[in-house]
Amino acid sequence: MIDLLITHAAQLITTPPGIRGARRGAEMGEVALFANGAVAIDHGRVLAAGHTRDVLEQHPPRTAHYVLDASNRVICPGFIDSHTHLVYAGSRVDEFGQKLAGASYLEILAAGGGILSTMHHTRHANVAKLVGQTRPRLDTLLALGTTTVEIKTGYGLDLVTELNMLAAIAQLDQSHPLDIVPTFLGAHTLPPEYKGYGDDYVNLVVEKMIPAVADWYAQSHFAAQGTPFFIDVFCEKEAFSVAQSRRILQAGLTAGLQAKIHVDQFNRLGGLAMAVELGAVSVDHLEATTAVDIPSLAASETIAALLPSVNFHLGNSQQAPARAMLDANTAVCLATDHNPGSSPCYSLPLVMALACRLQKFSPAEAFNAITINAAHALGLGAKIGSLCPGYQADLLVLDVPDYRYLSYELGRNPVTAVFKNGQLVHEN
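Throughout what follows, the structure given in this document is the object of discussion. (Residues numbered from 1 in each chain as written. Predicted model: local features only at pLDDT ≥ 70, side-chain atom pairs only at ≥ 80, totals over all residues. Heavy atoms only, no water.)

Brief notes about the sheet that holds strand β13 (residues 332-334)
The strand order across the open sheet built from eight strands is β6-β7-β8-β9-β10-β11-β12-β13, with neighbouring strands paired in parallel fashion. Two strands bound the open sheet, and with one partner strand each, they are β6 (79-81) and β13. In this sheet, neighbouring strand axes are inclined to one another by 25° on average, regardless of whether the strands run parallel or antiparallel. Pairing geometry for strand β12 (residues 303-306) and β13, over three bridges, is parallel. Paired with Ala304 across the bridge in β13 is Val332. Contacts from helix α6 (residues 159-175) reach β7 (146-152) and β8 (179-187), with the element oriented near 175° to β8. Seen against the sheet, helix α14 (residues 348-358) touches β6, β7 and β13 and runs at an angle of roughly 85° to β6. (Pairing = 2+ DSSP bridges. Helix = DSSP H or I, 4+ residues; strand = E, 2+ residues; numbered from the N terminus. Axes fitted to C-alpha atoms, helices over the stretch in contact; angles between N-to-C directions. Contact = heavy atoms within 4.5 Å.)

Overview of the layout of surface pockets
Its boundaries defined by the atoms lining it, the largest pocket holds a volume of some 210 Å³. In this structure, the largest pocket is lined by Leu109, Ala110, Gly112, Leu116, Thr189, Leu190, Pro191, Pro192, Lys195, Gly196 and Glu238. Of the residues in the lining of the largest pocket, the class split is six nonpolar, three polar and two charged. (1 Å grid on protein atoms, 1.4 Å probe; cavity = no way out; pocket = protein on both sides within 12 Å on 5 of 7 lines; lining within 4 Å. Points joined across faces, edges and corners; volume = space filled by probe spheres on them. Nonpolar A, V, L, I, M, F, W, Y, C, P; charged D, E, K, R; others polar.)

Quick word on the pairing of β8
Here β8 lies mainly inside the structure; eight of its nine residues are buried. The pairing of β8 with strand β9 (residues 230-235) spans three bridges and is classified as parallel. Looking at β9, one finds that Ala187 is bridged to Val233. (Buried < 20%, exposed > 50% of the residue type's maximum accessible area, 1.4 Å probe, protein only.)

Examining the side chain of Lys152
Mapping Lys152 onto the fold places it in strand β7. Among the residues examined, Lys152 registers a relative accessible area of 0% and is labelled buried. A polar contact of 2.8 Å, which involves the side chain of Lys152, links it to the side chain of Asp232. Those residues in contact with Lys152 that sit more than four places away from it in its chain are His83, Thr84, His85, Met165, Ile169, Thr183, Leu185, Asp232, Lys260 and His262. (Polar contact = N/O pair within 3.5 Å; in protein donor to acceptor, adjacent residues only side chain to side chain.)

Some details on the packing of aromatic side chains
Enumeration according to the criterion identifies eight aromatic pairs in this entry. Taken together, a centroid distance of 6.3 Å and an interplanar angle of 80° make the contact between Tyr88 and Tyr155 edge-to-face. On the criterion of sequence distance, the pair formed by Tyr88 in the loop between β6 and α2 (93-100) and Tyr155 in the loop between β7 and α6 is long-range, its members being 67 residues apart. On the basis of relative accessibility, which here comes to 6%, the residue Tyr88 falls in the buried class. Counting every residue linked through ring pairs, the aromatic cluster contains Trp216, Tyr217, Phe222 and Phe229. Between the NZ or CZ atom of Arg137 and the centre of the ring of Tyr88, over which it lies, the distance is 3.6 Å. Above the plane of the ring of Phe230 lies Lys260, whose end atom (NZ or CZ) is 4.8 Å from the centre. (Phe/Tyr/Trp six-rings, centres within 6.5 Å; stacked < 30°, edge-to-face > 60°. Lys NZ or Arg CZ within 6 Å of the ring centre and 35° of its normal.)

Overview of the environment of Leu387
Its location among the elements puts Leu387 in the loop between α16 (372-376) and β14 (395-398). Looking at Leu387, the relative accessible area reads 0%, which means it is buried. Distance from Leu387 to Val202, taken between C-alpha atoms, is 42 Å for residues 185 residues apart in sequence.

What to know about the pattern of salt bridges
Here the structure, examined in full by the defined rule, presents 16 salt bridges. Across the pair Arg23 and Glu30 runs a salt bridge whose closest N-O atoms are separated by 3.8 Å. We classify Glu30 as partly exposed; its relative accessible area is 43%. Close ionic contact of Glu207 with Arg247 constitutes a salt bridge, the shortest N to O distance being 3.8 Å. Placement of Glu207 in helix α7 (residues 198-218) and of Arg247 in helix α9 (residues 242-254) is noted, with a sequence separation of 40 residues between them. (Salt bridge = Lys/Arg side-chain N within 4 Å of Asp/Glu carboxyl O.)

Regarding empty space enclosed by the protein
Within the structure shown, the criterion is met by two cavities of 30 Å³ or more. In this structure, the largest cavity encloses a volume near 100 Å³. As for the largest cavity, its lining consists of 14 residues, and the residues nearest its centre are His85, Tyr105, His188, Asn339 and Ser342. Each residue belonging to the lining of the largest cavity can be placed in one class, and the counts come to four nonpolar, eight polar and two charged. Empty space within the second largest cavity amounts to approximately 50 Å³.

Some words on the side chain of His176
With respect to the helices and strands, the residue His176 is situated in the loop between α6 and β8. Of the polar contacts made by the side chain of His176, one reaches the backbone nitrogen of Leu178; its length is 3.2 Å. In this view, His176 contacts Arg135, Leu138, Asp139 and Leu142; residues no more than four positions away in its chain are not counted.

A few points about the nonpolar core
Formed by 103 residues in total, the largest nonpolar core has its most connected members in Leu286, Leu306 and Phe361. A per-element tally of this core places α7 first, with 10 residues. Contact partners of Leu306, with chain neighbours within four places excluded, come to His285, Leu286, Ala320, Ala322, Met325, Val332, Cys333, Leu334, Ala335, Gln359 and Phe361. In this structure, Leu4, Leu12, Leu395 and Phe419 belong to the second largest nonpolar core, which totals 16 residues. (Core = buried A, V, L, I, M, F, W, Y, C linked by side-chain atoms within 4.5 Å.)

Structure below.
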């Protein structure tokens, strides 16, 4: 007997497996789609997926403990959010009016707001409070179809609070249906006690924080189960220079962490080329990236993680040059960048819709960008992001007849059921 059989879906979107790497070029505009599709699941893994007739020949209904008829609905892989700052205390709703009145992100940060405002709240929150405030955010992500999420630290900017954030991330991963991938972002910005002493803070990150968080990871359940651990840095004016960012990422790589970077968000400083040279798994934001930078990025294995909800929320017209990247065969993914200041966004379907309208993605490109390519941006492309046999059975039932409704509609949640490792974990 197998655990679960889902049949007669209007569309089954399996997404081709990512063993060969992230999708790019013409492949990015294609999805593996089966009309009247079915999927068979056992012990948390996909056994078979394809046309209902073919799957039923291998696995008749009598051989399944549970059978679900998905007529008039879409079955697809769970969504993967590869860039978030989901663990924090407080909010920045008071800054929303400042942004609407014209204050820029960097102006608010330079005045002690922004990241520093959240830092003050987070430093005064213990692990239990961080877990309690974050859990409802994870519930919202799950209801909107996200089944794996990356979460960064970076609102502590001291060792004690950064470790508290990692402890909260670990507790949430062990107690919530979503899978979480942790990232250390101790170099998010300069804390106020180091204002004017950037190199001294970099010394602290490199000499004290990175060894401590590497030890934390080695003893964590994340290491035991093979979940990657990333290091990130905000390479930007009012944050860290290219030279400082290189030193931080190199120290993280030496300690066994994998590299990501916030780069080219507002200013093109040269951090993109540096990160690609170091073999970063992803380079995130890229709103200020130019055509000059795209060929070397496209020729690399580094994934461009684009975050269209950020500038939408900030009211900025500049978006990353996504169409040029896609046309140059760059591997591209999409993420929410959920955070309390520049992107209080939970919905990957909304991100898809924005990407199609503001960055000229096709619906297929947007779908691949939040499934298989997002999995590769977390180093998990051979495990999640697809419903091909052998993959983890993270899947959604959507109350739409065609997957393109995910990008077409605005403001409605089409997710009616979420399965994680083959188990029903949420119903709308």
